[in-house]
Amino acid sequence: MTTQTATGAASAQQGQGTHHFIITLEKPGLLSATQEGTFTPPPGGTRQDAYRLIYRSVTDQNPALNGASVGFFVLEPNQL
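Residues numbered from 1 in each chain as written. Predicted model: local features only at pLDDT ≥ 70, side-chain atom pairs only at ≥ 80, totals over all residues. Heavy atoms only, no water.

Undergrad: Go over the overall build of the chain, please, and point to the residues and values.
TA: For the chain, the count of helices and strands is 1 helix and 3 strands. Taken from N to C terminus, the helices and strands of the chain fall in the order β-β-α-β. Burial statistics for the chain: of 80 residues in total, 32% are counted as buried. Considering only contacts in the chain between residues 6 or more positions apart, those separated by 24 or more positions represent 64%. (Helix = DSSP H or I, 4+ residues; strand = E, 2+ residues; numbered from the N terminus. Buried < 20%, exposed > 50% of the residue type's maximum accessible area, 1.4 Å probe, protein only. Contact = heavy atoms within 4.5 Å.)

Undergrad: Account for the sheet that holds strand β1 (residues 19-27), naming residues and giving values.
TA: The strand order across the open sheet built from 3 strands is β2-β1-β3, with neighbouring strands paired in antiparallel fashion. Each having just a single partner strand, β2 (31-39) and β3 (69-77) make up the two edges of the open sheet. The mean angle between the axes of side-by-side strands here comes to 10°, regardless of whether they run parallel or antiparallel. In terms of strand pairing, β1 meets β2 through 9 bridges, oriented antiparallel. Across the sheet, Leu25 pairs through a bridge with Ala33, a residue of β2. (Pairing = 2+ DSSP bridges. Axes fitted to C-alpha atoms, helices over the stretch in contact; angles between N-to-C directions.)

Put into structure tokens, the structure is as follows:
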């Protein structure tokens with residue numbers, strides 16, 4: 001299992017994003033990966049849009065995860 005900050009569409013271009021996410025993708029018996037990072041949704045963006053962008057970013061970084069099942073996904077405001 002790997003843990004790293006996502007880049008590309010799933011991260012803020014400057015500083016920390018407005019939301020923090022953790023996603024775990026799994027191909028049972030073959031591969032699993034967990035990534036975390038920050039994300040700033042575009043105006044009018046939805047949670048589903050964010051999920052799809054984050055999933056795509058993670059699978060673009062690791063093509064072996066294409067088609068993987070989501071074992072865990074959380075997206076919350078990035079503030080204490």
